[in-house]
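For reference, the chains in residue letters:
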Amino acid sequence: MKHLLIFLTIILALSCCGQDKDAFTKRVEQYFTKENIQFKPSQQNILIIPGGGCPGCIASGISFVKENQKAFSNKQEKNFIVFTGITSRKILYRRLNDIDLQNMNVIIDTNDRYKVDFEACEYPLVLYLSHGDIRKAESQSPESDALEHLTDELYK
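The rules behind each value
Residues numbered from 1 in each chain as written. Predicted model: local features only at pLDDT ≥ 70, side-chain atom pairs only at ≥ 80, totals over all residues. Heavy atoms only, no water. Helix = DSSP H or I, 4+ residues; strand = E, 2+ residues; numbered from the N terminus. Buried < 20%, exposed > 50% of the residue type's maximum accessible area, 1.4 Å probe, protein only. Contact = heavy atoms within 4.5 Å. Pairing = 2+ DSSP bridges. Right-handed = clockwise from strand over helix to strand, strands pointing away. Core = buried A, V, L, I, M, F, W, Y, C linked by side-chain atoms within 4.5 Å.

This part takes up the side chain of asparagine 45. Take asparagine 45: it is sitting in strand 1 (residues 45–50). Assessed through its relative accessible area of 1%, asparagine 45 is described here as buried. Here asparagine 45 is in contact with Lys78, Asn79, Phe80, Leu127, Tyr128, Leu150, Glu153 and Leu154, once residues within four sequence places are set aside.

Have a look at this one:
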């Protein structure tokens, strides 16, 4: 009986923890689980910029990277950038102009593993992590301020 009570308490605690996540975050989390992508416990903020989609939103994502290069420096482990849906590294480097990716925590995903397969794939995607688990996901679109929210997290 004691073991049953402990088991039920654990199940209840786990089910309550997951209820804080919105439907979009849950969907993103399911995608990364399906792709078997795991995040390091030290990672806290990940900006995923697709190679195609909403041109203005992607341009905003690239400008954001340019303005916040220090926050993504490879001298720290909590902030990362992923470029996904990249057809050509040469074109990517041209778009990034004066950003030296060698000094940053960057993943260039040429296999499109990080490119979510639903409507959010055309917008930059921000993942907020806690101990390697997705705490919240948010996409930068004309209707959202995901990059502004990310700025607040980067400089905490």
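Okay, back to it.
What follows is about the pairing of strand 3 (residues 106–109). Strand direction decides the pairing type here: strand 2 (residues 79–84) and strand 3, joined by four bridges, are parallel. Bridging from a neighbouring strand, isoleucine 81 pairs with valine 106 of strand 3. Handedness of the β-α-β unit built from strand 2, helix 4 (residues 89–96) and strand 3 comes out right-handed.

Core analysis: the biggest nonpolar cluster contains 23 residues, and Leu47, Phe72, Phe83 and Leu150 have the highest contact counts within it. Contributing elements (two or more residues each) for this core: strand 1, helix 3 (55–67), strand 2, helix 4, strand 4 (125–130) and helix 5 (146–154). If sequence neighbours within four positions are ignored, phenylalanine 72 has contacts with Phe64, Asn79, Phe80, Ile81, Asn103, Met104, Asn105, Leu150 and Leu154. Counting residues in hydrophobic clusters, the runner-up holds 17 residues, among them Phe32, Val116, Leu125 and Ile134.

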